[in-house]
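Residues per chain are reported as follows:
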Amino acid sequence: MTADEKETDIRLRSTGSKQQATIELKLGDNRSATNLFNTIKDQLLTKYMAADECRAGCLLVTVARGPRMGSPKDRQEDRFETLIARS
């Protein structure tokens, strides 16, 4: 659980140490690429990976409506794979 009492979607904990990892799930439909990039920083890194024991995290984005999303840099639509490569 985080400081603001939010739960991660999936948490993996080691049985041999105190280490843990977080997986955050997001539906990419109707989200801008800027929103998803901000989610990595604001939610995954700042909140869910703040604890010393949590040094691994993953943002898993699913997109059902199609492979194009708005680019945070030039407001053009790009293929999802292109946006990920830009990060």
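None of these values were measured; they are calculated from a predicted model.

A.B. asks: Teacher, can you tell me more about helix 1 (residues 33-48) here?
C.D. replies: An α-helix turns once every 3.6 residues. As a result, residues three or four positions apart point the same way. A maximum bend of about 35° is found in helix 1 at Thr39. For helix 1, every residue scored as buried is listed here: Ala33, Leu36, Thr39, Gln43, Leu44 and Tyr48.

A.B. asks: Whenever I open this one, the confidence of the model for the chain confuses me. Can you help?
C.D. replies: Note: predicted coordinates in regions of low pLDDT should not be interpreted at a detailed level. Here the chain averages 77 in pLDDT, and 67% of its residues register 70 or above. Model confidence for the chain, summarised as mean pLDDT per element, is weakest for strand 4 (residues 68-70) at 55 and strongest for strand 2 (residues 20-27) at 90.

A.B. asks: Any chance you could explain the pairing of strand 2 here in plain terms?
C.D. replies: When a strand is regular, its side chains alternate between the sheet's two faces. Most of strand 2 is tucked away, with six of its eight residues classed as buried. Here strand 1 (residues 10-13) runs beside strand 2; their pairing, made up of four bridges, is antiparallel. The residue of strand 2 that forms the bridge with Leu12 is Ala21. Two successive antiparallel strands, strand 1 and strand 2, enclose a turn made up of six residues. Where strand 2 meets strand 3 (residues 54-62), eight bridges bridge the pair, whose relative direction is parallel. By the bridge assignment, Lys26 is partnered in strand 3 with Val61. Once the chain exits strand 2 it traverses helix 1 before rejoining the sheet at strand 3, and the crossover so formed is right-handed.

Parameters and conventions
Residues numbered from 1 in each chain as written. Predicted model: local features only at pLDDT ≥ 70, side-chain atom pairs only at ≥ 80, totals over all residues. Heavy atoms only, no water. Bend = angle between axes of the 7 residues up to and from the residue. Helix = DSSP H or I, 4+ residues; strand = E, 2+ residues; numbered from the N terminus. Buried < 20%, exposed > 50% of the residue type's maximum accessible area, 1.4 Å probe, protein only. pLDDT = per-residue confidence, 0-100. Pairing = 2+ DSSP bridges. Right-handed = clockwise from strand over helix to strand, strands pointing away.

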